[in-house]
Every structure is written in structure tokens, then in C-alpha cells.
Amino acid sequence: MSTIDRRRLFTGAGAATVGAALTTAVPATRASAAAPAPHPAGDTIRPGDPRYEMLTTGNNKRFVAAPDYVRMIRSTEDAEQAVREAVPSGRRVSVRSGGHTFADLVCNPDVDVILDLSEMTEVRYDASRRAFAVQPGVRLLTLYEALYKGWGVTIPGGMCYSVGAGGHVAGGGYGLLSRAHGLVVDHLYAVEVVVVDRDRTVRTVVATREPDDPHRDLWWAHTGGGGGTFGLVTRYWFRSPDATGDTPSRQLMRPPSTVLVSALSFPWQDLDERRFSRLLKNFGAWHEQHSAPDAPETAIGTVFNVCHRAHGTLDLFVQADAEAPGADRMLDDYLTALTAGTGLRTTAMTRASGDLPAMPQLAAPRRMPWLDATRLVGTSNPTITHPALRGAHKSAYMRRTFTDRHTAVLYRHLTSEEYANPDTMVVLFSFGGRVNAVRPEDTAASQRASVFKMLFQTFWPDPSGDAAGLGWARAVYEDFLADTHGVPVPGEQYEGCYINYPDTDLKDPARNRSGVPWQTLYYQGNHDRLRRIKRDWDPTGFFHHSLSVDPA
């Protein structure tokens with residue numbers, strides 16, 4: 001199986017995205033201007049339309065729907081009408097913003113109507129709420145461009161440029177700035193949602209985090225409860241909890257103006273099992289030691305692609321706030337700690353790797369503007385740089401570093417000749433820091449004690465690879481988590497799974513042998529409250545998918 005030249009495939013898409021971003025931001029001087037006139041209704045796309053095939057699958061081509069129609073939505077009023085049209089017929093609907101869901105939550109054979117919000121891309125400052133209004137279809141890099149160019153602010157969201165804000169926010173959202181600034185939803189002030197009442201009346205509700213808001217529970221459900229479950233989100237508003245005054249640039253977190261970035265590879269030819277194990281344990285131990293909410297090292301964020309041997313290297317991207325005191329020394333200390341006791345050499349990252357592009361110019365740490373670094377790492381996700389990839393994805397939050405058994409399992413599966421696929425990896429993401437300054441019950445995103453998180457993933461080009469790809473993902477995951485019967489049961493070592501990496505295997509007792517419900521893996525102690533909110537705000541279960549919350 002040949003590797004994919006993601007850098008070459010992505011050049012055009014990345015340029016188009018940056019161009020789109022320039023039209024999105026509204027200057028602060030126009031903050032109080034009247035809202036634009038409503039858009040005309042979006043198209044209804046049915047079988048036979050040349051757009052239909054493209055719109056009935058997402059980035060994971062394992063999942064394909066055959067709906068009666070796909071309804072493109074361009075405004076809140078349009079969204080209300082689209083839901084109103086679907087309710088009397090009893091059609092099953094699914095909701096899409098960017099199309100990056102890893103499972104069948106949107107593109108499912110049982111879906112009759114796909115409601116597509118990708119044309120709703122406005123980003124503006126709303127002076128009446130002292131918050132930034134963001135529509136769900138805007139892609140992440142476009143959102144970062146708009147917020148930063150317009151007002152010098154951002155949210156601590158994910159790296160992949162084309163993830164839609166709609167699902168990313170509803171599932172919690174995190175990225176390279178999260179150790180210093182928390183989750184995306186820690187900055188969520190309000191949400192606008194089209195809901196269906198018990199009598200099947202369709203209406204739009206705005207819910208805020210204000211303690212006296214009677215709709216506050218609906219806001220809370222969208223701080224990590226997952227998308228497509230409680231209603232149809234048509235707008236988010238962001239304002240940081242510590243915002244003061246009414247100046248737009250002071251209402252949301254500010255990213256560092258410059259960052260130190262480094263991109264390194266560890267050649268597999270230099271790795272035996274001992275070195276491999278020490279390297280991974282060093283990564284985990286550093287995060288255990290430096291993930292307190294007030295630790296200076298929260299200025300550092302890392303993505304570590306622990307790739308299959310067929311890829312040739314393990315690939316590391318590190319970003320540090322260049323304005324943090326002693327940033328150069330801190331980054332050097334981190335890299336020293338990572339390689340301690342291994343004797344490993346590092347090389348320039350010369351091949352694309354998972355979410356990371358080839359970056360040979362960053363073998364040595366380099367200062368660059370934050371937005372440039374964000375663009376650099378934001379345009380290479382393999383699920384968007386190839387038009388026909390299929391994949392398997394599984395997640396785990398880690399509260400402690402790896403054990404000997406963990407590293408032995410990973411080494412065995414990542415060196416297996418039976419599945420020598422270069423597009424296979426276990427991704428380690430920095431976590432903790434300010435994420436863990438928030439109590440689990442304060443948001444629906446309950447994982448507030450972990451220090452790093454894991455994504456087990458592999459990609460392949462066509463259905464002939466399904467058995468091997470799914471077999472590898474299931475085997476490595478269940479072997480790694482054998483001590484808790486195949487899933488990351490919350491406890492001293494693990495803290496469950498990430499709902500934005502949905503995995504329907506968690507519902508299967510043959511795969512999840514722990515006896516712990518899949519809802520507990522995603523929501524821990526917050527599940528009961530989410531069920532009550534589902535009962536109150538979607539009593540008919542109109543909005544549902546294979547991993548949606550059931551009403552109490």
C-alpha cells in the first residue's frame with residue numbers, strides 16, 4: 001500500500017480556504033450595524049442531481065447515505081423551515097456542518113434527509129451580547145483567520161482546517177492552545193438552536209451560560225454533549241469567562257503573537273523495543289509532571305504521530321508560546337526530557353504524517369507568527385487530502401503515563417508485517433493544563449483530569465481493505481485496554497473517550513466487554529443530566545443518530 005502525498009494534494013485547497021477567510025470577518029467598527037437581510041432558501045438536492053453523490057458521504061468513505069434529499073441551509077429561518085418540512089413526514093434527519101464525523105452519525109443508510117449547514121459561514125461581532133457570533137458551517141481555519149485578522153482573538157480549537165465549527169464546538173473542541181486556554185466550550189457564551197417541541201412545533205431558542213437563563217441547560221448540553229442530538233445549531237456566540245468591558249478585542253482569548261515551532265522525526269531504523277518504550281514513557285511522564293493548570297509548561301502543545309514502521313518515522317510537532325518567560329529554554333528542556341535515556345537522533349520531518357505536513361525547515365525551533373503556524377499545520381489532514389479514503393478511529397483519555405504492557409502492545413502492533421500500512425498511527429495529543437481547571441460538571445465535556453489523549457487511526461483507499469483496517473484498529477485498541485476489558489473505563493489510568501471521535505464499537509458487547517455503558521465512556525457522571533435535557537428539549541427524539549443521547 002503506497003503512502004499518500006498529502007502535501008501535493010493539499011496546495012490548492014489550502015489556498016482557497018485562506019482566500020475565503022478574507023471575506024468572513026466584519027471589522028469592529030461595524031459591530032453595531034444591522035444584521036444582513038436573510039439569505040434565500042438553500043437548494044434541495046435529490047437523486048439525479050450531480051451534487052447528490054458528493055453530499056451523501058463525508059470524509060470517511062466507509063459511510064454512505066441514500067436520503068430522499070439533502071437540504072442546503074443558508075439562514076436560521078431557512079433551518080426552521082427545513083425542519084418544519086421534515087417533521088410531518090416522520091422522516092429521519094441528520095445534521096452536518098463540515099462532514100468530518102468518523103462514524104455513521106450523518107451518512108447512515110437509515111437517514112431520509114441530510115440537513116447541510118456548510119453554507120452558513122458568517123463570523124461577526126455581536127455588540128448586543130458582547131460576543132462573537134459564529135455560524136456552524138464555517139471551517140476552523142477560516143474562523144481563526146476571521147477572528148484574528150478582525151479583532152486579534154481566537155478560540156483554542158483544532159488543527160484541521162476543514163472541520164466545521166458546528167460539530168467541533170458541540171463535542172467540546174480542543175487544540176494546541178488548550179493547555180494554556182482550556183477547551184473551546186470553556187469560551188462558549190450562547191447557542192442558537194432550532195428545536196422540536198412535544199407537540200411537534202418547530203421554534204428557535206437562544207440559550208446562554210447566564211445563571212438566571214431559563215434555557216441554560218440547552219447551552220450546557222452543547223458544551224460537550226455532541227452534535228445532532230438536542231436540536232439544529234444555527235449559531236454560536238463566544239466570550240471568554242474573564243472578559244471585561246465592551247471592547248471587542250477584550251471579549252475573547254488572545255493567542256500568542258509569535259510561537260516557537262519544531263517538527264522532528266524519529267527514524268524507525270533507530271528504534272528497538274526498549275528505545276520505543278522509553279520514548280513513549282518519557283512523553284507521558286513529562287505530561288504528568290507539567291499539566292497542572294498553573295504550570296508554566298502549559299505554554300507547550302504537542303502532536304506526536306507514533307506511526308507504523310511502514311511509514312519510516314515517528315513524527316513530532318511542538319508549538320510553544322514564544323512570549324512565555326524562558327520559552328526557548330522550556331522547549332529545549334521538553335525535547336531533552338522526551339529523548340532522555342534513548343540515545344535517539346532526530347531528523348527533519350520530510351514526509352507528511354497524519355495531521356502533519358512535511359516540514360523539513362523546522363528541524364530546529366523557529367519563531368513565526370501564530371497565524372502562520374496555524375496555517376502550516378492546518379492543511380494536511382489525510383481525510384481531506386484524498387477524495388476516497390476510508391478509516392477507523394478510536395480514542396482514549398490518559399490520566400497517567402504508559403505502562404510496560406502499554407508500550408509492548410503498541411510496539412507489537414506498529415511493527416506488524418501483517419498490516420504494514422504507512423497511513424497507520426497512534427496520535428498522542430497534549431492535554432491537561434487549563435482544561436483541568438474546570439470542574440467536570442461545569443460543562444458536558446467531563447474529561448478534566450487527563451494529561452494527554454490518544455487517537456488510534458488507520459486509513460485505506462477502498463472496500464477491499466476494510467477487514468484488515470478495522471481488524472488492526474480493533475486489535476490494537478482492545479489489547480492496549482485489556483486491563484479494562486477493551487475500553488478506557490474511567491479510573492486511575494483512563495478517563496473515557498472523546499465524543500468528537502465517535503466509535504460505535506463501544507456499543508457492541510463483543511468489543512466493549514467492560515460492562516460499562518458507552519455513554520459513561522463519553523460523558524461519565526454528566527450522562528444523567530444530558531438525558532434530562534434531551535427529554536426536555538427533544539422529547540419526541542426527532543434529532544437522533546447512532547451515538548445520540550437517549551431521553552430520560
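The structure presented is a predicted model; accordingly, all values stated were derived computationally and were not measured.

Student: Would you mind going over unusual backbone geometry with me for this structure?
Tutor: Across the chain, the bulk of peptide bonds are trans and the bulk of non-glycine residues have phi less than zero. Positive phi, normally seen in glycine, also occurs at R200, with a value near 70 degrees. In this fold, R200 is placed in the loop between β7 (188-196) and β8 (202-208). What makes R200 partly exposed here is its relative accessible area of 39%. Its identity as a non-glycine residue notwithstanding, Q524 has a phi of 50 degrees, on the positive side. With respect to the element layout, Q524 can be found in the loop between α14 (518-523) and α15 (527-537).

Student: Which parts of the structure should I look at to understand the packing of helix α4 (residues 140-151) against helix α10 (residues 370-377)?
Tutor: The packing of two helices is summarised by the inter-axis angle and the distance between the axes. Where α4 meets α10, the axes come as close as 11 Å, and the angle between the chain directions of the two elements is 175 degrees. Judged on the interaxial angle alone, α10 and α4 are roughly antiparallel. Between α4 and α10, the residues in contact are L141, Y144, E145, Y148 and K149 and W370, L371, T374 and R375, respectively. For the contact of α4 with α10, the per-class residue count stands at five nonpolar, one polar and three charged.

Student: Would you mind showing me how to read the sheet that holds β7 here?
Tutor: Through backbone hydrogen bonds, the strands of a sheet pair up, either in parallel or in antiparallel fashion. Sheet architecture is open: five strands sit in the order β5-β6-β9-β7-β8, paired in antiparallel fashion. Of all the strands in the sheet, the pair left with one neighbour each is β5 (123-126) and β8. Taking the axes of each pair of neighbouring strands and ignoring which way they run, one obtains an average angle of 25 degrees across the sheet. In terms of strand pairing, β5 meets strand β6 (residues 131-134) through four bridges, oriented antiparallel. For Y125, the partnering residue across the bridge sits in β6 and is F132. Where α4 meets the sheet, its contacts fall on β5 and β6, and the angle it forms with β5 comes to roughly 45 degrees.

Student: For this particular structure, what's the right way to read the confidence of the model for the protein chain?
Tutor: Low pLDDT marks stretches whose predicted atomic positions should not be read closely. Of the residues in the protein chain, 88% have a pLDDT of 70 or more, and the chain-wide mean is 90. Contacts from residues 1-34, a stretch scored under 50 in pLDDT, to residues over four places away or in other chains number 60 contacts.

Student: Any chance you could explain the packing of helix α12 (residues 404-414) against helix α13 (residues 466-480) here in plain terms?
Tutor: Interaxial distance between α12 and α13 falls to 9 Å at its minimum, and their mutual angle equals 165 degrees. One element, α12, and the other, α13, form an angle in the roughly antiparallel class. Between α12 and α13 the crossing geometry is right-handed. In this structure, α12 contributes R405, H406, V409, L410, R412, H413 and L414 to the contact, and α13 contributes W472, A475, V476, D479 and F480. In terms of residue class, the contact of α12 with α13 is built from seven nonpolar, two polar and three charged.

Student: Sorry, what's going on with the pattern of salt bridges here?
Tutor: Note on pairing: side chains with opposite charge can pair once their charged atoms come close. Applying the stated criterion across every chain, the model contains 36 salt bridges. The salt bridge partner of R71 is E85, with a shortest N-O separation of 3.6 Å. Of this pair, R71 sits in strand β2 (residues 69-72) while E85 sits in helix α3 (residues 76-86), and the two are 14 residues apart along the sequence. Judged by its relative accessible area of 36%, E85 falls in the partly exposed class.

Student: What exactly am I supposed to notice about the environment of G496 here?
Tutor: With respect to the element layout, G496 can be found in the loop between α13 and α14. Residue G496 is classed as buried on the basis of its relative accessible area, which comes to 0%. Between the alpha carbons of G496 and Q519 there is a distance of 9.6 Å; along the sequence they are 23 residues apart. With residues up to four places along the chain from it excluded, the contact list for G496 reads S395, A396, Y397, P488, P490 and L521.

Student: Is there a simple way to think about the sheet that holds strand β4 (residues 113-116) in this case?
Tutor: An order of β1-β2-β4-β3 is seen for the four strands of this open sheet, with the pairing classed as mixed. Looking along the sheet, the strands with just one partner apiece sit at the ends: β1 (44-45) and β3 (93-96). Sheet topology note: the β1/β2 ladder contains two bridges and is antiparallel. Residue pairing in the sheet places T44 in a bridge with R71 of β2.

Student: Any chance you could explain the packing of aromatic side chains here in plain terms?
Tutor: Centre-to-centre distance and the angle between the planes together describe a pair of aromatic rings. Within the structure shown, the criterion is met by 27 aromatic pairs. Arranged with centres 6.1 Å apart and planes meeting at 25 degrees, the rings of Y419 and W472 form a pair that is stacked. Taken as a pair, Y419 in the loop between α12 and β16 (424-430) and W472 in helix α13 lie far apart in primary sequence, 53 residues in all. Both rings, one in Y498 and one in Y501, keep their centres 4.8 Å apart while their planes meet at 85 degrees; by these two values the pair is edge-to-face. Using a relative accessible area of 5% as the deciding quantity, one classes Y498 as buried. The buried category is assigned to Y501, whose relative accessible area is 11%. An aromatic cluster is built from F266, F283, F304, F402, F452, F456, Y477 and F480, whose rings are joined through pairwise contacts.

So, how was this worked out
- Residue indices begin from 1 for each chain and proceed along its sequence in written order.
- Where local features are concerned, this predicted model is filtered to residues with pLDDT of at least 70; where side-chain atom pairs are given and counted, the filter is 80 or more; whole-chain, interface and lining totals use all residues.
- As a rule here, side-chain values come from all non-hydrogen atoms in the structure, and water together with hydrogens is ignored.
- A run of H or I in DSSP counts as a helix once it spans at least four residues, and a run of E counts as a strand once it spans at least two, with each numbered from the N terminus.
- Think of it in three bands: residues with accessible area under 20% of the maximum for their type are buried, residues over 50% are exposed, and the middle band is partly exposed, with areas taken using a 1.4 Å probe on protein chains only.
- Only the stretch in contact is used when a helix axis is fitted, and all axes are lines through C-alpha atoms; the angle between N-to-C directions ranges over 0 to 180 degrees.
- In these notes the angle categories are as follows: under 35 degrees is roughly parallel, over 145 is roughly antiparallel, 65 to 115 is roughly perpendicular, and the rest is oblique.
- The contact rule is simple, with two residues in contact once any of their heavy atoms fall within 4.5 Å.
- Basically, the charged four are Asp, Glu, Lys and Arg, the nonpolar ten are Ala, Val, Leu, Ile, Met, Phe, Trp, Tyr, Cys and Pro, and anything else, Gly included, counts as polar.
- A pair of strands is considered paired only if DSSP assigns at least 2 bridges between the two.
- pLDDT is defined as a per-residue confidence score from the predictor, taking values between 0 and 100.
- The crossing is said to be left-handed when, going from far helix to near helix, the turn is anticlockwise and less than a right angle, and right-handed when the turn is clockwise.
- The rule for a salt bridge is simple: a side-chain nitrogen of Lys or Arg has to be within 4 Å of a carboxyl oxygen of Asp or Glu.
- Each aromatic pair joins two rings of Phe, Tyr and Trp (for Trp, the six-membered one) with centres within 6.5 Å, and gets the label stacked for planes under 30 degrees apart, edge-to-face for over 60, and tilted for any other angle.

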